[in-house]
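Each chain, letter by letter, is given below.
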Amino acid sequence: MSGSADAVLLLSFGGPEGPEDVIPFLENVTRGRGVPRARLEEVAEHYLHFGGISPINALNRDIIEAVEADLADAGLDLPVYFGNRNWHPQVEDTVARMTADGVRSALVFPTSAWGGYSGCRQYDEDITRARAAVGAGAPELVKLRQYFDHPLLIESFADAITAAVQQIPADRRDAVRLVFTAHSIPVSADIAAGPPADGGRLYSRQVAEAARLCAAATGFTDYDVVWQSRSGPPQVPWLEPDIVDHLDVLHGKGIDAVVVCPVGFVSDHLEVIWDLDNEASARAAELGMAFARAATPGTDPRFARMVVELIQERVGGGAVRELGEVPGYGCTVDGALCAPGCCAPPSRPARP
């Protein structure tokens with residue numbers, strides 16, 4: 001595996017940047033899955049509620065700007081490119097531009113911290129597809145490792161939780177319930193997540209470990225891990241419980257104040273805003289529960305510093321900093337898998 005690089009590629013999911021983009025974007029996301037047009041139009045309303053613009057691309061550009069500044073401060077002369085799986089700038093076009101610019105080897109930072117098909121292997125597939133589209137002369141692409149338990153990520157989430165608690169009325173703070181959320185995936189996909197020798201369920205194990213670390217850093221000894229944003233047919237089991245259903249359960253137990261930390265998300269993109277700031281917040285209000293949502297780490301300066309630390313692990317011999325007890329993987333070359341059979345694709349993949 002190469003220990004040098006002359007560029008960085010931030011690789012993400014993509015999102016529409018205008019009303020006319022919404023349906024074509026959703027068609028890209030669901031290609032080959034047989035999702036009915038009516039379902040696409042239903043999901044499209046979530047985007048159109050915000051003018052047809054997902055904040056994800058703008059948030060990623062902000063991250064790139066911060067990473068570029070931190071790279072310069074660290075004395076690393078590495079341009080940062082931007083590519084997406086499902087919308088412009090699409091990764092195939094970005095890798096073609098990198099090739100034209102003379103890039104021979106690049107480090108790839110995926111905007112997912114996790115293992116699993118959607119959290120890791122699908123980014124390997126993006127890399128393989130982009131290099132194949134470019135053909136001869138495509139740069140070597142080395143994906144950086146999973147970072148779910150990086151100290152800077154945990155510190156950022158912990159401070160965000162502390163700030164969210166302060167948004168709860170003072171007379172309810174002592175009994176506030178901390179709830180972590182991440183994107184649900186099919187149970188079958190979670191069972192297949194990780195190298196086969198590691199026993200599966202890598203995604204849910206990593207989410208649980210990140211939640212444990214964040215809770216410990218904020219002094220919470222009791223908390224919940226739940227899920228959000230499921231999109232599959234009802235007959236297919238997905239990770240549960242759903243955040244809105246869980247609020248009903250907490251209300252039934254007499255809990256009247258909740259802080260929700262979207263530990264599974266890098267930034268405040270549409271699923272965080274819609275599922276938490278709209279649906280979950282509205283349900284809490286109906287139940288008379290005080291509700292506050294912790295910020296995601298993408299806008300925290302520590303997030304860009306974490307990206308640079310991950311880069312330095314590869315090009316500068318920097319120390320590998322991780323806190324958790326659950327293993328991480330993901331650092332592979334040119335779309336190779338972490339291990340044979342790693343994170344086998346589910347029949348209906350959905351991203352975390």
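Residues numbered from 1 in each chain as written. Predicted model: local features only at pLDDT ≥ 70, side-chain atom pairs only at ≥ 80, totals over all residues. Heavy atoms only, no water.

Draft legend 1. Summary view of the packing of helix H3 (residues 56–73) against helix H11 (residues 301–315). At a minimum axis distance of 9 Å, the contact between H3 and H11 shows a crossing angle of 60°. Considered as vectors, H3 and H11 are oriented oblique to each other. In this structure, H3 crosses over H11, and the sense of that crossing is right-handed. In this structure, H3 contributes Ile-63, Ala-66, Val-67, Asp-70 and Leu-71 to the contact, and H11 contributes Pro-301, Phe-303, Ala-304, Arg-305, Val-307, Val-308 and Ile-311. Its residues assigned to classes, the contact of H3 with H11 comprises 10 nonpolar, no polar and two charged. (Axes fitted to C-alpha atoms, helices over the stretch in contact; angles between N-to-C directions. Helix = DSSP H or I, 4+ residues; strand = E, 2+ residues; numbered from the N terminus. Parallel < 35°, antiparallel > 145°, perpendicular 65-115°, else oblique. Left-handed = near helix turned anticlockwise from the far one by under 90°. Contact = heavy atoms within 4.5 Å. Nonpolar A, V, L, I, M, F, W, Y, C, P; charged D, E, K, R; others polar.)

Draft legend 2. Here's a closer look at the pattern of salt bridges. All told, the structure shown has 25 salt bridges when counted by the stated rule. With a closest N to O distance of 3.3 Å, Asp-124 and Lys-143 form a salt bridge. Pair noted here: Asp-124 is in helix H5 (residues 117–134) and Lys-143 is in strand S4 (residues 140–143), with a separation of 19 residues, a long-range link. This pair shows no difference in class: Asp-124 is buried, exactly as Lys-143 is. Asp-248 is paired through a salt bridge with Arg-283; the nearest N and O atoms lie 2.7 Å apart. (Salt bridge = Lys/Arg side-chain N within 4 Å of Asp/Glu carboxyl O. Buried < 20%, exposed > 50% of the residue type's maximum accessible area, 1.4 Å probe, protein only.)

Draft legend 3. Expanded view of the pairing of strand S2 (residues 80–84). Taking burial as the measure, the five residues of S2 include five buried ones, the bulk of the element. Alternating positions in S2 separate into two faces, Val-80, Phe-82 and Asn-84 on one and Tyr-81 and Gly-83 on the other, with burial throughout. As paired elements, strand S1 (residues 7–12) and S2 share five bridges and run parallel to each other. Bridge pairing links Leu-9 to Tyr-81 in S2. (Pairing = 2+ DSSP bridges.)

What is shown is where atoms sit, not what they do.
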